[in-house]
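Observations on the model geometry
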Number of protein chains: 2
Amino acid sequence: MKPTQKHTIYDIATRSGASASTVSAALNGTWKARRIKEATALRIIALAREMGYSVNLQARGLRTARSGLVGLILPEHNNRFFSDLSQSFTLEARARGQCPVIIATARNPEEELSTVRDLMAYSIDALFVAGAADPQHISKICRAAQLPHVFIDQPCPDAPSVITDNETGARQLTEAIIDTLAPHSPALEGTGREKIYLLGGDARLHASSRRIAGFRAAMIAHFGRCDDDQVIACGYEPQTAQAEIRALHARLGGMPAGLFANSLNVFEEVLRFLSRRPEPELRGFSLGCFDYEPYGELLRLPVHMVRQRHRELVRRAWELLEEPGSTELVTVPPELCLARPRVLRYEG
Amino acid sequence: MKPTQKHTIYDIATRSGASASTVSAALNGTWKARRIKEATALRIIALAREMGYSVNLQARGLRTARSGLVGLILPEHNNRFFSDLSQSFTLEARARGQCPVIIATARNPEEELSTVRDLMAYSIDALFVAGAADPQHISKICRAAQLPHVFIDQPCPDAPSVITDNETGARQLTEAIIDTLAPHSPALEGTGREKIYLLGGDARLHASSRRIAGFRAAMIAHFGRCDDDQVIACGYEPQTAQAEIRALHARLGGMPAGLFANSLNVFEEVLRFLSRRPEPELRGFSLGCFDYEPYGELLRLPVHMVRQRHRELVRRAWELLEEPGSTELVTVPPELCLARPRVLRYEG
DNA sequence: CTGAAAGCGCTAACAA
DNA sequence: TTGTTAGCGCTTTCAG
C-alpha cells in the first residue's frame, strides 16, 4: 500500500508467485494473446495496483524501440493559431494513448533542427512539424532515421503534409476587404492610399506565397492590377512589422484603404499602430487577418479573419501518418469569419 | 556518412578500435574525469559525428534512472498567461539541457492526476504544475515517488510553490477600476448598478481566494463595504461566465459601474457580451482583468490589467527545485498595466 | 590511460 | 498455460 520505493515486475512476480514474463503480459494487456489464465492476469493486475506499481516506460521503450512519445514542433506558443494546434494535438495524441511533446523553436531553423534531433534521441514514434522554417532539411533527417513525420501548415514536397487552402482563403479574405472598402475618394487617386496592402509573412515560404497569390488574384479580378509595392512580406518579427507599418503610413502620407495582415503577429502590431492614430483617419479603413484570433471579433474596428481548421488539420495529419509512406498533400479549406456589422461601430 | 541505420556505441567502438566504455565516456563528456587521452576522445567524437551517431536517451535513461525530461502541466494552451508560461518554461528547460514536456489537462483533476502518473512513468526528472486543480493530491503522488516538483500560480502547502502576489495585484487592480469609475449618478443608488463586481475564478482555489480578498480590501477601503453579491466566482467555463454576465445585467437592469474579470477566459466572455451592447450603455464603464492579454490594450474600451511575471515565476520555480527539500512559498509581485488614455476613446 | 562485465526494467522468442 | 533466457543501448564500477 506504500508506493514509496519503485517496484518492478520482478517484485510483483515474487509476490504473486508468477514469473516476470507473466506479470509483464498481464500488465501490458498481451495476456489473452499469450493464453494466460484470466484469473492469473486479474490477480496480478490487482496486486500491481495495490502495490502502486507503474511501468518504467524507458525500459519498455528501450526494449520495443518505441516510446509512446509523439513530437510536435511549432514556431511559438504565444499565437492563437499554434496554441489551437497544440490543444488539438494534445487531444488526438492522448486519444491514441500517446504522450504529446510540444516544443516551440522560435522560427529559428537551427533550433528547429536541433530539436528534431533531440526528439529523435528519445525515440519518439512520430513527429509533427507545424510552420516549419526548413521543411526539406527536417524531412531528410527524419527519413534517414525512418521516423514517420508529417508537416502541417508549411508543407514539404518530400513528405506527407496537410495545409490550409491558403490561396482560396487569401482570395476570399481579400474580397471581403475589398467589399468593405470605403466609397472611393477621387482625391486619393494615385497617392497609393486608394490601395490595399498585404503585410507580413515570408514570400519564400509556401504558405505565404500561396496567400500572396490569392491576394493578387483578387486584386487583379477587381482592379485589373496589383502593384508590387502592395505586397510587403516582411516576416513575422513584431518590430519589423511595426516599422513597416510606420514606413507605409509615412510613405503614403496617411492610411491606406485597407490592409491584409498575413499573420497574427503582424495583426497585433497593426492594431497597436492603429490604436495610436486619431480616429478620423480610421474611418472606412478595411482590415483583414489571415488566421483567427477571438479578440479580433471584439474590437470596435471591424476585421475579417480567415480561420484555419486546426482540429481538422491535426486529424488529417494523424491519418496521413497512419497510411503507409505517402507523400500526399492534403488541403483543408479554411473558414472565413466576416466582420459582422455590430452595435459598437464607428457611426454607433 | 549515411546515418541510415541507427548506430550504437558498439559500432563506434568497433570502428574506432576503442571499447564501448571509452566511447561512452568520450561521447557523454565524462572522458576527462575518466582520464582518457584527449586525442582518443577527439577521434571518437569526430567519428561519431561522421557516422551521424545519436545517443539513445531511453537507454541512457534506463541506466541512469533519469531522462532529461521535465514536465509542465497546465490547464490549457489557449490562454495567454499559460502560453507565456510555456514559452518561458521552454527557454529555461533548454538552457539547462532538459527537454520540456508541456501537457494541458483542461482543468480536469482526474486528467491532471493521470497525466502526472504518465509523466512519472517516463522517469521525468522534475515536474512543474501550473494552475493545479488538486495540488495536494499531486504533491502526495510526487512525494511518494520522490519526484522533485514545484507549483506555479496555484500553490500547495506541502511543496515548494511560486505564485504571484494575488492579493496585492487584485487590490491595485480594483483601485484602478475605482479610479476610472464614471462620476456618481445618484439615480443609480441602491440599484446595484453603482457597484463593481468580480467575475470568475474558483473561490476554493488559493489564487482566486487571495484575489477576492484583495478586491474586498479595496472595496472596503474606498466604500466602507463590500457586499457578498459583488463576488461572482463562477469558475472558468466560458459558457458559465457568459450566462453570469447576462444574469447580472438582467438583475441590475443595466450595466454595473465596473467589472473585475478574474481570468482571461472570463475577460473574453465579458468582451463578447459588451460587444453586443449599445454603445451608450458602456459610457464610463470601468473594466479590469487579472492576467494580461496584449489585445486588451488594443480595444477601444480602456481596460486595466494585472500582468503576472511569467518569466520570473518560472525562474524562481527552477531555483526552488534546485534547493534541497524546501516547502517554501515564493511570492512574485505582478505588474499593473493601467489603461492609458488613448486616442481612440469613446469621446474621441 | 583503457577494457571487461554487470545490470537498469522490460518484452518476446522459445521451451516446457 | 507458464517460465527461462536473451537482449534493447547505455553507464559505471572494478581491474588492469
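Scroll up a little and you will see the structure.
The text that follows walks through the structure, step by step, so that each part is easy to find. (Residues numbered from 1 in each chain as written. Chains lettered and ligands numbered in written order. Predicted model: local features only at pLDDT ≥ 70, side-chain atom pairs only at ≥ 80, totals over all residues. Heavy atoms only, no water.)

In this section: the relation of the copies chain B and chain A. Each copy of the sequence occupies a distinct position, and chain B is placed on chain A by a rotation of 180° and an axial shift of 0.0 Å, giving an RMSD of 0.0 Å. The transformation relating the two chain copies, once decomposed into turn and shift, fits a two-fold axis. Of all interface residues in chain B, 99% are interface residues in chain A too; the two copies therefore contact each other through one and the same surface. (Least-squares fit on C-alpha atoms with pLDDT ≥ 70 in both. Contact = heavy atoms within 4.5 Å.)

What surrounds DNA strand C is a group of 25 residues, the closest being Ile9, Ser24, Tyr53 and Arg63 of chain A together with Arg34 of chain B. Ile9 of chain A is positioned with one of its backbone polar atoms (N or O) 2.6 Å from a phosphate oxygen of DNA strand C. At 2.3 Å, a side-chain N or O of Arg34 of chain B approaches a base oxygen of DNA strand C. Those elements that place two or more of their residues in the surface near DNA strand C are α1 (9-16), α2 (20-28) and α4 (57-64) of chain A together with α2 (20-28) and α4 (57-64) of chain B. Ranked by residues supplied to the surface near DNA strand C, first place goes to α4 of chain A with four residues. (Near = heavy atom within 4 Å. Polar contact = N/O pair within 3.5 Å; in protein donor to acceptor, adjacent residues only side chain to side chain. Helix = DSSP H or I, 4+ residues; strand = E, 2+ residues; numbered from the N terminus.)

In this section: the pairing of strand β8 (residues 258-261) of chain A. Residues and elements named next belong to chain A. Neither face of β8 is left uncovered, since the one carrying Gly258 and Phe260 and the one carrying Leu259 and Ala261 both have all their residues buried. Note that strand β6 (residues 196-199) and β8 share four bridges and pair parallel. Each residue of the ladder has a partner; that of Ile196, found in β8, is Gly258. (Buried < 20%, exposed > 50% of the residue type's maximum accessible area, 1.4 Å probe, protein only. Pairing = 2+ DSSP bridges.)

Quick look at the sheet that holds strand β1 (residues 69-74) of chain B now. All names here are of chain B. Read across the open sheet, the six strands follow the order β2-β1-β3-β4-β5-β11; overall the sheet is parallel. At either margin of the open sheet sits one strand with a lone partner, and together these are β2 (99-104) and β11 (329-332). Ignoring which end each strand starts from, the neighbouring axes of this sheet average 20° apart. Relative to β2, β1 runs parallel, the two sharing six bridges. Looking across to β2, one finds that Gly71 is bridged to Val101. Relative to strand β5 (residues 161-164), helix α13 (residues 310-322) is tilted by about 160°, and along the sheet it contacts β1, β3 (126-130), β4 (149-152), β5 and β11. (Axes fitted to C-alpha atoms, helices over the stretch in contact; angles between N-to-C directions.)

The next point concerns the sheet that holds strand β8 (residues 258-261) of chain B. Residue and element names in this part refer to chain B. Here six strands make up an open sheet; going across it, the order is β7-β6-β8-β9-β10-β12 and the pairing mixed. The open sheet terminates on both sides in strands that have one partner only, identified here as β7 (231-232) and β12 (335-337). Running at roughly 165° to strand β9 (residues 286-290), helix α8 (residues 166-179) makes contact with β6 (196-199), β8, β9, β10 (303-307) and β12 of the sheet. Against the sheet, helix α9 (residues 206-223) contacts β6, β7, β8 and β9, and its axis sits at roughly 175° relative to β6.

Moving on: the protein's contact with DNA strand D. Taken together, 25 residues form the shell around DNA strand D, and within it Arg34 and Arg63 of chain A together with Ser24, Tyr53 and Arg63 of chain B come nearest. Between DNA strand D and Ser21 of chain A there is a distance of 3.1 Å, counted from a base oxygen to a side-chain nitrogen or oxygen. The contact in question runs from a base nitrogen of DNA strand D to an N or O atom on the backbone of Ala59 of chain B, over 3.3 Å. Every element with two or more residues in the surface near DNA strand D is listed here: α2 and α4 of chain A together with α1 (9-16), α2 and α4 of chain B. Looking at which element gives the most residues to the surface near DNA strand D, the answer is α4 of chain B, with four residues. Across the surface near DNA strand D, the residue classes tally to eight nonpolar, 11 polar and six charged. (Nonpolar A, V, L, I, M, F, W, Y, C, P; charged D, E, K, R; others polar.)

A separate point is helix α7 (residues 135-144) of chain B. Residue and element names in this part refer to chain B. Where α7 is concerned, the buried positions are Pro135, Ile138, Ser139, Ile141 and Cys142. What you see down the axis of α7 is that its buried residues fit within an arc of 160°, all on one side. The elements touched by buried residues of α7 are α6 (109-121), β3 and β4. Remark: Gln146 follows α7 within two positions and exhibits a positive phi of approximately 55°. (Arc of directions from axis to C-beta.)

Once that is clear, we can look at unusual backbone geometry. Backbone geometry at Ser123 of chain A places phi at a positive 55°, although glycine is not the residue there. Residue classification places Ser123 of chain A among the buried positions, given a relative accessible area of 13%. Positive phi, close to 55°, is recorded for Arg35 of chain B, a residue that is not glycine. Checked against the element boundaries, Arg35 of chain B lands in the loop between α2 and α3 (38-51). According to the relative accessible area criterion, Arg35 of chain B is exposed, its value standing at 78%.

Next up on the list: the side chain of Asn166 of chain B. Residue and element names in this part refer to chain B. Relative to the assigned elements, Asn166 resides in helix α8. A relative accessible area of 1% places Asn166 in the buried class. For Asn166, the residues in contact, after removing those within four places along its chain, are Asp153, Ala207, Arg210, Arg211 and Phe290.

With 69 residues of chain B in contact, the opposing surface of chain A contributes 68 residues. Summed over both partners, the interface of chain B with chain A comes to about 6,000 Å²; 52% of that surface belongs to carbon and sulfur atoms. Per-residue buried area on chain B facing chain A is highest for Gln58, Tyr122 and Tyr295 of chain B; these three make up 14% of the total on that side. In this structure, Arg272 of chain A and Glu297 of chain B form a salt bridge, with 3.7 Å as the shortest nitrogen-oxygen distance. Taken together, chain B and chain A are joined by 26 residue pairs in polar contact (both at pLDDT 80 or more). Elements that contribute at least two residues to the side of chain B that touches chain A include exactly α4, α5 (80-95), β2, α6, α11 (264-274) and α12 (279-282) of chain B. Each residue belonging to the side of chain B that touches chain A can be placed in one class, and the counts come to 31 nonpolar, 20 polar and 18 charged. (Buried area = accessible area lost by both parts, 1.4 Å probe. Salt bridge = Lys/Arg side-chain N within 4 Å of Asp/Glu carboxyl O.)

Before going further, it helps to examine the packing of α8 of chain B against α9 of chain B. All names here are of chain B. Axis separation between α8 and α9 bottoms out at 7 Å; the angle between their running directions is 40°. It follows that α8 is oblique to α9 by the angle criterion. Handedness of the α8/α9 crossing: right-handed. Residue-level inspection shows Asn166, Glu167, Ala170, Arg171, Thr174, Glu175 and Ile178 of α8 in contact with α9, the latter providing Ala207, Arg210, Arg211, Ala213, Gly214, Phe215, Ala217, Ala218, Met219, His222 and Phe223. Of the residues in the contact of α8 with α9, the class split is nine nonpolar, four polar and five charged. (Parallel < 35°, antiparallel > 145°, perpendicular 65-115°, else oblique. Left-handed = near helix turned anticlockwise from the far one by under 90°.)

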